[in-house]
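Take a look at the letters that make up each chain.
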Amino acid sequence: MCFGRKDEHNDDPPPRPAQRPPMSTEVKRISSMPQNPGRSSRVASYAPPAGPPPEKRQEEEFSAPPGPPPGLSSQEQQYLPPMGPPPGQQQQQQYDPPTGPPPGQQQYAPPHDWEIAVPDTSLFPPPPAIFSGYDRSPTSNATEEEAEAGEEWCEQYPLAAPLVLDQAARDALHTGNIRLMQPVGFNGNLSWLRPGQWDAYTAKNSPDRCIIGYPPMYTVSEHDPHRTGQPKTIYYEVQIRPDSPTVFLALGFTALPYPSFRMPGWHRGSLAVHGDDGHKYINDRWGGKDFTAEFQRGHTYGIGMTFRAVGGGKPQVDIFFTHNGVLTGGWALHEETDAEQDLPVTGLEGLHDLSCAIGTYDGVRFEVNLDASKWLYNPFQV
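Residues numbered from 1 in each chain as written. Predicted model: local features only at pLDDT ≥ 70, side-chain atom pairs only at ≥ 80, totals over all residues. Heavy atoms only, no water.

Colleague: Mind showing me how you'd approach the overall build of the chain here?
Modeller: The helix and strand inventory of the chain stands at 6 helices and 16 strands. Buried positions account for 33% of the 382 residues belonging to the chain. Expressed as a percentage of contacts within the chain between residues at least 6 apart in sequence, the contacts between residues at least 24 apart total 67%. Roughly 25500 Å² of accessible area belongs to the chain as shown, and the carbon and sulfur atoms make up 53% of that amount. (Helix = DSSP H or I, 4+ residues; strand = E, 2+ residues; numbered from the N terminus. Buried < 20%, exposed > 50% of the residue type's maximum accessible area, 1.4 Å probe, protein only. Contact = heavy atoms within 4.5 Å. Areas by Shrake-Rupley, 256 points an atom, 1.4 Å probe, with all protein chains shown as cover.)

Colleague: I'm lost on the pairing of strand β10 (residues 279–282) in this one. Help?
Modeller: Burial along β10 is two-sided: the residues His279 and Tyr281 and Lys280 and Ile282 are all buried. Here strand β9 (residues 270–274) pairs with β10 via 3 bridges, running antiparallel. Among the inter-strand pairings, leucine 271 is bridged to a residue of β10, identified as isoleucine 282. Hairpin connection between β9 and β10: a loop of 4 residues separates the two successive antiparallel strands, and glycine 278 in this loop has a positive phi of roughly 75°. In the sheet, β10 pairs with strand β11 (residues 289–290) via 2 bridges, with the strands oriented antiparallel. (Pairing = 2+ DSSP bridges.)

Colleague: What am I meant to see in helix α4 (residues 167–175) here?
Modeller: Since one α-helical turn is 3.6 residues long, residues separated by three or four positions face the same way. Listed as buried for α4 are Ala169, Ala172 and Leu173. For α4, the buried positions fall inside an angular range of 100° around the axis, keeping them on one side. Those residues of α4 that are exposed and angled more than 90 degrees off the buried face are Ala168 and His174. The first or second residue beyond α4 is glycine 176, which carries a positive phi of 75°. (Arc of directions from axis to C-beta.)

Colleague: Quick question: what am I supposed to make of the sheet that holds β11 here?
Modeller: Sheet strands associate in pairs through backbone hydrogen bonding, adopting either a parallel or an antiparallel arrangement. Strand order in this open sheet of 7 strands is β3-β6-β15-β8-β9-β10-β11, and the pairing throughout is antiparallel. Lying at the two open borders of the sheet, with one neighbouring strand each, are β3 (179–181) and β11.

Colleague: Help me understand a negative patch on the surface, please; the structure alone is not making it clear to me.
Modeller: Taken together, Glu144, Glu145, Glu146, Glu148, Glu152 and Glu155 make up a surface patch of like negative charges. With respect to the helices and strands, glutamate 146 occurs in helix α3 (residues 144–156). Judged by its relative accessible area of 37%, glutamate 146 falls in the partly exposed class. (Patch = residues over 30% accessible without salt bridge, like charges linked within 9 Å, V, L, I, M, F, W, Y side chains within 5 Å. Salt bridge = Lys/Arg side-chain N within 4 Å of Asp/Glu carboxyl O. Lys, Arg positive; Asp, Glu negative; His and termini not counted. Charge placed at Lys NZ, Arg CZ, Asp CG, Glu CD.)

Colleague: What is the right way to read the side chain of glutamine 197 from this model?
Modeller: Assignment of secondary structure puts glutamine 197 in strand β5 (residues 197–202). Residue glutamine 197 is classed as buried on the basis of its relative accessible area of 6%. A polar contact of 2.6 Å, which involves the side chain of glutamine 197, links it to the side chain of arginine 194. At 3.2 Å, the side chain of glutamine 197 forms a polar contact with the side chain of glutamate 367. Residue contacts for glutamine 197: discarding those within four places in its chain leaves Ser191, Trp192, Glu367, Val368, Asn369 and Lys374. (Polar contact = N/O pair within 3.5 Å; in protein donor to acceptor, adjacent residues only side chain to side chain.)

Colleague: I keep staring at unusual backbone geometry and nothing clicks. Help me out?
Modeller: Note on backbone geometry: most residues besides glycine have negative phi, and most peptide bonds are trans. Put simply, tyrosine 214 and proline 215 share a cis peptide bond, and its omega is 0°. Within the secondary structure, proline 215 sits in the loop between β6 (209–214) and α5 (220–223). With omega at -5°, the peptide bond leading from leucine 256 into proline 257 counts as cis. Looking at the element boundaries, proline 257 is found in the loop between β8 (249–255) and β9. Non-glycine residue asparagine 324 carries a positive phi angle of around 55°. Tracing the backbone through its elements, the reader meets asparagine 324 in the loop between β13 (316–323) and β14 (326–332). Residue aspartate 362 is not a glycine yet carries a positive backbone phi of 60°.

Colleague: Could you clarify how one ought to interpret the sheet that holds strand β16 (residues 364–369) in this entry?
Modeller: Strands sit in the order β4-β5-β16-β7-β12-β13-β14 across an open sheet of 7 strands; the sheet is antiparallel. The open sheet terminates on both sides in strands that have one partner only, identified here as β4 (188–194) and β14. Taking each pair of neighbouring strands and ignoring which way they run, the sheet shows an average axis angle of 20°. Relative to β16, strand β7 (residues 232–240) is paired through 4 bridges, and the arrangement is antiparallel. Residue pairing in the sheet places glutamine 239 in a bridge with glutamate 367 of β16. (Axes fitted to C-alpha atoms, helices over the stretch in contact; angles between N-to-C directions.)

Colleague: Sorry if this is basic, but what is going on with the packing of aromatic side chains here?
Modeller: Aromatic rings in a pair are described by how distant their centres are and how their planes are angled relative to each other. Tallied over the full model, the rule gives 14 aromatic pairs. Arranged with centres 6.1 Å apart and planes meeting at 15°, the rings of phenylalanine 295 and phenylalanine 321 form a pair that is stacked. Separated by 26 residues along the polypeptide, phenylalanine 295 in the loop between β11 and β12 (300–308) and phenylalanine 321 in strand β13 bring together distant segments of the chain. Take phenylalanine 295: its relative accessible area is 5%, and that puts it in the buried class. (Phe/Tyr/Trp six-rings, centres within 6.5 Å; stacked < 30°, edge-to-face > 60°.)

Right under this line is the structure:
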């Protein structure tokens, strides 16, 4: 096949034909036909042009440059590994480790948890009424002049030494036939009904008065537990009449002598529970301390003391209180007290004789029962 004619004006070689995919890596040599007879033959050699074939040039020109896209480091991982173990590995079931340290290692101390170390104090019982004294009673109060008069009387008449009872007094104690002494200025009536039983009433607006029994219910010569080797309990009951105008009544005990124009519990050597406010008074001429509810008409109340021998020269003294034959409360004579506010309990510690003491104020009707066979509560039960 010819690539040109003799009448062409230049000697340039003819244009290359369209490139075909080479069949082998060898370069084909194409010999031109002889132009003139007798002229030597000239052989032309052609090499493939540089670059890719035409149909692949566009693909090469628009392919992505090597390396990561702009703004991404070649060190950054573009894809997160899939969850779970690599293919070909058996998936193992996960278990929580057991509590505590591994065997053979030192016990691990858990971190401090204040909510466990400090429990909820709202669940605790209320604290004892140790320092709950009142400056005044919420119901009725004597005047300051009367309180000062009672203190002066106690200073003038100190506590008496223990008595030595005669036979008549000892018999009265054994049978409960105790005499209640009507105080001076008592505005009412005090009647003996039968051995150990008394009926009493006071008129309206009657002043404070204290009814004291004789012989004393506790006498050191007869009942000191360190001498007898046996505990001693004294007790009595009082019923407030259903038709009583008020409940202004106090039940207690006192060492002798005691000012009869003052309620029991207000001065030295005496204690009492007052019905108008339910407070207990132990040598306390102010407002007493919380103890029980206010008294009610038609109900029976009892108060007692128990003396037991303990180490030392003084007995252990406990006070108890009953309501309609049921034990409702009590306290230890030497319970913790406020050294700045509470006065001494001298006279109540089993070293002095003690008599029953019943306080009255205003109009009140009641019955006193000193006979053990008529009591609703048995203080001698175990």
